[in-house]
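Geometric and topological summary
Listed below are the residues making up each chain.
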Amino acid sequence: AEARSMESLEKQLICPICLEMFSKPVVILPCQHNLCRKCANDVFQASNPLWQSRGSSAVPSGGRFRCPSCRHEVVLDRHGVYGLQRNLLVENIIDIYKQESARPLHAKAEQHLMCEEHEDERINIYCLRCEAPTCSLCKVFGAHKDCEVAPLPAVYQRQKSELSDGIAMLVAGNDRIQAIITQMEEICHTIEENGRRQKQHVGLRFDALYGILEERKKELLQSIAAEQEAKLQRVRGLIRQYGDHLEASSKLVESAIQAMEEPQMAVYLQHSKELLKKITDMSKASMSSRPEPGYENMDHFSINVDYVAEMLRTIEFQTGA
């Protein structure tokens, strides 16, 4: 039970970057996860390649990276990872653990890793050709006797270092991808905003054209209406004149017919002279005034909008600045 507790404690003290026990100093991120300061600095430098180091003469600027455990974005000031708070509690726990255990990390698990071919032999070397861990007897007498081998701890440390570097690269790459995604999301928002603004601009331009067309249509219709009214007034005036003449002539005819029926000559002669004069004057009255041929025609108000329509159809966006 004590061994299991120690193993559980080990897992809590493993850095997610180097996969080793935390090395002093241990820094605590805003998300409450821990990293070795060196690992935190490696991730930070990978995510901020242009950041000026503490030894630089230039004034350093802040930067950001993402926690490898939870992906929470960590924003740092101009001091970089040196501005993060140290986790003294974790450092003290590591000190206590190392005092209680004199073996290296994972040594207990390694003691139980035995060779399948030689059950009494521990796996303690690494075959570089076959890329597999093996034991000394396999190198001397077994399948790996002609292979080049290396000490298991050396290969272990090298590959773990390579894995740590790979993790840092992936973390930095993920941060760059996330930055690109954020940038493209901002571009999408800008595209939507610019499109909305340009739609509004084009709509206003066409509304202005509609207004010009409506105003011009009103002016042309008023011109037609003015000439129409003038012609109607003239013709209607002539109609009234002819109507008045017709009414007077009809009354004169009735008077003449009544005079023709007068049986007494003396009475007839008293009024005939005046009646004859009225008839003569009526006959001589000029009624030749009438509209000239084609007066009713309004075709001169025709308009040709074909060229305007074609011009409207060719309205296009400006290509120049």
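Residues numbered from 1 in each chain as written. Predicted model: local features only at pLDDT ≥ 70, side-chain atom pairs only at ≥ 80, totals over all residues. Heavy atoms only, no water.

Focus: the nonpolar core
Ranked by internal contacts, the top residues of the largest apolar core, which has 26 residues, are Cys-15, Phe-22, Leu-29, Leu-35, Phe-65, Leu-76 and Ile-94. Those elements giving two or more residues to this core turn out to be strand S1 (26–28), strand S2 (34–36), helix H2 (37–47), strand S4 (73–76) and helix H3 (88–100). For this core, the leading source of residues is H2, giving four residues. When near neighbours in sequence (up to four residues on either side) are disregarded, Phe-65 contacts Leu-29, Leu-35, Val-43, Phe-44, Ser-47, His-72, Glu-73, Val-74, Leu-76 and Asp-175. (Core = buried A, V, L, I, M, F, W, Y, C linked by side-chain atoms within 4.5 Å. Buried < 20%, exposed > 50% of the residue type's maximum accessible area, 1.4 Å probe, protein only. Helix = DSSP H or I, 4+ residues; strand = E, 2+ residues; numbered from the N terminus. Contact = heavy atoms within 4.5 Å.)

Examining the confidence of the model for the protein
With 89% of its residues at a pLDDT of 70 or more, the protein shows a mean pLDDT of 82. Long-range and interchain partners of residues 54–60, a stretch whose pLDDT sits below 50, account for five contacts in this model, where long-range means more than four residues apart. Across residues 105–110 the pLDDT falls below 50, and counting only partners more than four positions away or on other chains, this stretch makes twelve contacts in the model. (pLDDT = per-residue confidence, 0-100.)

Points about the side chain of Arg-66
Looking at where Arg-66 falls in the secondary structure, it is placed in strand S3 (residues 63–66). Within the local environment of Arg-66, its side chain forms a polar contact with the backbone oxygen of Arg-71, the two atoms lying 3.0 Å apart. Contact partners of Arg-66, with chain neighbours within four places excluded, come to Val-43, Arg-71, His-72, Glu-73, Val-171, Asp-175 and Gln-178. (Polar contact = N/O pair within 3.5 Å; in protein donor to acceptor, adjacent residues only side chain to side chain.)

Re the pattern of salt bridges
Considering all chains together, one arrives at twelve salt bridges under this definition. Residue Asp-42 is joined to Lys-38 by a salt bridge in which the shortest nitrogen-to-oxygen separation is 3.1 Å. Highlighted residues: Asp-42 and Lys-38, both in helix H2, separated by four residues, approximately one helical turn. Asp-42 gets classed as partly exposed once you look at its relative accessible area, which sits at 33%. Given a relative accessible area of 59%, Lys-38 falls into the exposed group. The salt bridge partner of Lys-251 is Glu-247, with a shortest N-O separation of 3.7 Å. Separated by four residues within a single helix, Lys-251 and Glu-247 lie in helix H6 (residues 152–260), roughly one turn from each other. (Salt bridge = Lys/Arg side-chain N within 4 Å of Asp/Glu carboxyl O.)

Considering the sheet that holds S1
Strand order in the open sheet formed by three strands is S2-S1-S5, and the pairing between neighbours is antiparallel. The open sheet has two free edges, formed respectively by S2 and strand S5 (85–86), since each of these has just one partner strand. Examined bridge by bridge, S1 and S2 share three bridges and lie antiparallel to one another. Bridge pairing in S2 places Val-26 opposite Cys-36. Against the sheet, H2 contacts S1, S2 and S5, and its axis sits at roughly 90° relative to S2. Running over the sheet, H3 touches S1, S2 and S5 and is turned about 145° from S1. (Pairing = 2+ DSSP bridges. Axes fitted to C-alpha atoms, helices over the stretch in contact; angles between N-to-C directions.)

Notes on a nonpolar patch on the surface
A cluster of nonpolar side chains, contributed by Phe-206, Leu-209, Tyr-210, Ile-212, Leu-213, Leu-312 and Ile-315, occupies part of the molecular surface with about 610 Å² of accessible area. It is H6 that contributes the most residues to the nonpolar patch, five residues altogether. Relative to the helices and strands, Tyr-210 is located in helix H6. (Patch = residues over 30% accessible without salt bridge, like charges linked within 9 Å, V, L, I, M, F, W, Y side chains within 5 Å. Areas by Shrake-Rupley, 256 points an atom, 1.4 Å probe, with all protein chains shown as cover.)

Focus on the side chain of Lys-160
Along the polypeptide, Lys-160 turns up in helix H6. Owing to a relative accessible area of 13%, Lys-160 belongs among the buried residues under this scheme.

Structural notes on the sheet that holds strand S7 (residues 132–134)
The strand order across the open sheet built from three strands is S7-S6-S8, with neighbouring strands paired in antiparallel fashion. Two strands close off the open sheet at either side, each with one partner strand: S7 and strand S8 (149–151). Within the sheet, the average angular offset between the axes of one strand and its neighbour, ignoring direction, is 35°. Bridge count between strand S6 (residues 125–127) and S7: three bridges; the pairing is antiparallel. If you follow Tyr-126 over to S7, its bridge partner there is Pro-133. Seen against the sheet, H6 touches S6, S7 and S8 and runs at an angle of roughly 85° to S8.

Things to note about the environment of Ile-93
Tracing the backbone through its elements, the reader meets Ile-93 in helix H3. A relative accessible area of 29% places Ile-93 in the partly exposed class. When residues no more than four places from it in sequence are discounted, the contact partners of Ile-93 are Leu-9 and Leu-13.

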